[in-house]
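What the coordinates show
Residues per chain, in single letters:
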Amino acid sequence: NAFGVRANTQLAVDAGIPIGETRAIKTNAYMETAIADVYAVGDCAETTHFITHKPICPQLGTVAVRQGKTAGTNIGGVNSQFTGVLASTVTKLFDIEAGSTGISETVAVKNQIGIVVSTVNSKTKAGYYPSAKPLRIKLVVKKETEHLIGAQIVGGEEVTQRINALSFAIQKQMTVRDLAKADTAYAPPMCETWEPMVLAAEMALMKLR
Ligand SMILES: Cc1cc2nc3c(=O)[nH]c(=O)nc-3n(C[C@H](O)[C@H](O)[C@H](O)COP(=O)(O)OP(=O)(O)OC[C@H]3O[C@@H](n4cnc5c(N)ncnc54)[C@H](O)[C@@H]3O)c2cc1C
């Protein structure tokens, strides 16, 4: 994906199905194309970004399976809507894990969304614990409403489940004020006393003041 991937949508074009501005097949919330009862999902289908509300074609397996479930449910006669994507991703390069959800600072600026960002460096275990690995979290917060709208994490481990937690928080329209009060767990071999996501939220709150 770093080189860019474009779906081959020729089949849809030949069938007269409209292509969207991302050059993928336009779909509605039911994953239905402009032609009734014809559905498109996965790498060839355009969907909506949860934060920008703009068309996006994230080309992720996670999105493809959820879209497939939505289309299949609708085809089976039960009403189901796909409400958009945060395009949450994780990856690993040798010993470094990285992940993101929602929008980045760059995308926020591009979309003229007023933001504050906060970045904290922490550890994946208690600082004194021998195998503790570094973890860096960046939160992107909508200035006007204090809503969390994006996060990126890079570190030695434990990136995926934190990205998932932040993705839930964004989907549920949590503010950083709420996140700063999150009821998190702690044990030295597994995490820090102050959960790094909570610290990052506190930092964002300080910047919002
Ligand atoms: C190297 C790589 C790593 C990835 N890693 C991740 C990851 O870690 N996490 C993640 O979320 N996503 C990842 N992805 C993306 C993910 O694989 C895709 O988003 C997902 O597979 C898309 O599903 P799809 O059903 O739309 O398309 P595909 O999985 O590509 O399925 C399309 C199928 O259609 C078949 N086909 C094509 N043309 C025809 C035809 N004319 N007639 C009949 N059959 C046809 C193909 O053979 C294929 O089996 C990765 C992709 C790549 C390439």
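What counts and what doesn't
- Residues numbered from 1 in each chain as written.
- Predicted model: local features only at pLDDT ≥ 70, side-chain atom pairs only at ≥ 80, totals over all residues.
- Heavy atoms only, no water.
- Near = heavy atom within 4 Å.
- Polar contact = N/O pair within 3.5 Å; in protein donor to acceptor, adjacent residues only side chain to side chain.
- Areas by Shrake-Rupley, 256 points an atom, 1.4 Å probe, with all protein chains shown as cover.
- Nonpolar A, V, L, I, M, F, W, Y, C, P; charged D, E, K, R; others polar.
- Salt bridge = Lys/Arg side-chain N within 4 Å of Asp/Glu carboxyl O.
- Helix = DSSP H or I, 4+ residues; strand = E, 2+ residues; numbered from the N terminus.
- Buried < 20%, exposed > 50% of the residue type's maximum accessible area, 1.4 Å probe, protein only.
- Domains from an automatic or database assignment.
- Contact = heavy atoms within 4.5 Å.
- Buried area = accessible area lost by both parts, 1.4 Å probe.
- Pairing = 2+ DSSP bridges.
- Expected span 1.5 Å × (residues − 1).
- Arc of directions from axis to C-beta.

1. Looking at the site of the ligand
Around the ligand, the structure places Gly 42, Asp 43, Gln 59, Leu 60, Gly 61, Thr 62 and Ala 64. For the ligand, an oxygen atom lies 2.6 Å from a polar atom in the side chain of Asp 43. Between the ligand and Gln 59, the relevant distance is 3.5 Å, taken from an oxygen atom to a main-chain nitrogen or oxygen of the residue. Burial of the ligand by the protein chains amounts to 22% of its free accessible area of 1000 Å². Looking at side-chain class alone, the shell around the ligand contains 2 nonpolar, 4 polar and 1 charged residues.

2. Observations regarding the pattern of salt bridges
This model, assessed by the stated rule, comprises 4 salt bridges. Here Lys 125 and Glu 157 are joined by a salt bridge, their closest N and O atoms 3.4 Å apart. One end of the pair, Lys 125, is in the loop between strand S5 (115-123) and strand S6 (134-142); the other, Glu 157, is in the loop between strand S7 (148-155) and helix H4 (159-171), and 32 residues separate them in sequence. You can call Glu 157 buried: its relative accessible area is 15%. Measuring nitrogen to oxygen at the nearest pair gives 2.9 Å for the salt bridge that ties Glu 146 to Arg 177.

3. Structural notes on the domain arrangement of the chain
Partitioning the chain into structural domains gives domain 1 (10-75) and domain 2 (89-208). Its C-alpha centre places domain 1 at a distance of 30 Å from the equivalent point of domain 2. Listed as interface residues are 6 residues of domain 1 and, on the opposing side, 9 residues of domain 2. Taken over both partners, the interface formed by domain 1 and domain 2 buries close to 580 Å², and the fraction arising from carbon and sulfur atoms is 76%.

4. Considering the pairing of S7
The buried fraction of S7 amounts to 6 of the 8 residues, a majority that puts the element mostly inside the structure. Inspection of the sheet shows strand S4 (residues 96-102) paired to S7 by 6 bridges, in the antiparallel sense. Residue Gly 99 lies in a different strand from S7, and its bridge partner there is Ile 153. As paired strands, S6 and S7 are joined by 7 bridges and run antiparallel to one another. Counted as the bridge partner of Lys 138 is Gln 152 from S7. What sits between the antiparallel neighbours S6 and S7 is a turn of 5 residues, in which Glu 146 has the positive phi angle 70°.

5. Looking at H4
The end-to-end C-alpha distance of H4, which contains 13 residues, comes to 18 Å, matching closely the 18 Å that a straight helix rising 1.5 Å per residue would cover. Those residues of H4 that sit buried are Val 159, Arg 162, Ile 163, Leu 166, Ser 167, Ala 169 and Ile 170. Relative to the axis of H4, the buried residues are bounded by an arc of 160° and lie together on one face. Away from its buried face by more than 90 degrees, H4 exposes Gln 161 and Phe 168. Summarising the contacts, the buried residues of H4 are in contact with strand S3 (89-93), S4, S6, S7, helix H5 (176-179) and helix H6 (196-208). Phi for Gln 173, located one or two positions after H4, is positive at around 55°.

6. A word on the environment of Pro 18
When you line up the elements, Pro 18 lands in the loop between helix H1 (10-14) and strand S1 (47-48). You can call Pro 18 partly exposed: its relative accessible area is 34%. For the pair formed by Pro 18 and Pro 130, sequence separation is 112 residues and the distance between their alpha carbons is 57 Å. If we ignore the near neighbours within four places in the chain, the residues touching Pro 18 are Ile 25, Lys 26 and Ala 34.

7. Considering unusual backbone geometry
Positive phi values are uncommon outside glycine, yet Met 31 reaches one of about 65°. Checked against the element boundaries, Met 31 lands in the loop between H1 and S1.

8. Section: the environment of Ile 17
With respect to the helices and strands, Ile 17 occurs in the loop between H1 and S1. Taking the C-alpha atoms as reference points, Ile 17 and Thr 124, 107 residues apart in sequence, are found 48 Å from one another. Sequence-distant contacts of Ile 17, that is, excluding residues within four places in its chain, are made with Ala 12, Ile 25, Thr 33, Ile 35 and Val 38.

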